[in-house]
Amino acid sequence: MEILYVLLPVSVLLVLAILAVLGWAVFNGQFEDIEQEAVRILKTEDEKGEDKVEPHQY
């Protein structure tokens, strides 16, 4: 029964820490464009607009 005096505050602190990290992620734009990564892997190199870089030959 005495362990509850330790486990309850620890669990409350853990939940508050998780909520703080989630709040930070939401307000800093981590979830702004979640569909861009799904579409990015379907595009070819030409559609990405990136220049093709030749590999180094040693």
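This structure is a prediction, so every number in the text was calculated from the model and none was measured.

Asks: Explanation requested: the overall build of the protein in the structure shown.
Replies: Looking only at helices and strands, the protein features three helices and zero strands. Helices and strands in the protein line up, N terminus first, as α-α-α. In the protein, which comprises 58 residues, the proportion classed as buried is 2%.

Asks: Looking at this model, I keep getting lost on helix 1 (residues 4-27). Mind explaining?
Replies: The end-to-end C-alpha distance of helix 1 is 34 Å, a good match for the 34 Å that 24 residues give at a rise of 1.5 Å each. Looking at the residues trailing helix 1, positive phi occurs at G29, about 80 degrees.

Asks: For this particular structure, what's the right way to read a nonpolar patch on the surface?
Replies: A surface patch of nonpolar side chains, about 1,100 Å² in accessible area, is lined by V12, L13, V15, L16, L19, L22, V26, F27, F31 and I34. Classification of V26 as partly exposed rests on a relative accessible area of 43%.

Asks: Help me understand the confidence of the model for the protein, please; the structure alone is not making it clear to me.
Replies: Interpreting fine coordinate detail is not advised for predicted regions of low pLDDT. Per-residue confidence for the protein averages 83 on the pLDDT scale, and 79% of its residues sit at or above 70. For the protein, per-element mean pLDDT is lowest for helix 3 (residues 45-48), which scores 68, and highest for helix 1, which scores 97.

What counts and how
- Residues numbered from 1 in each chain as written.
- Predicted model: local features only at pLDDT ≥ 70, side-chain atom pairs only at ≥ 80, totals over all residues.
- Heavy atoms only, no water.
- Helix = DSSP H or I, 4+ residues; strand = E, 2+ residues; numbered from the N terminus.
- Buried < 20%, exposed > 50% of the residue type's maximum accessible area, 1.4 Å probe, protein only.
- Expected span 1.5 Å × (residues − 1).
- Patch = residues over 30% accessible without salt bridge, like charges linked within 9 Å, V, L, I, M, F, W, Y side chains within 5 Å.
- Areas by Shrake-Rupley, 256 points an atom, 1.4 Å probe, with all protein chains shown as cover.
- Salt bridge = Lys/Arg side-chain N within 4 Å of Asp/Glu carboxyl O.
- pLDDT = per-residue confidence, 0-100.

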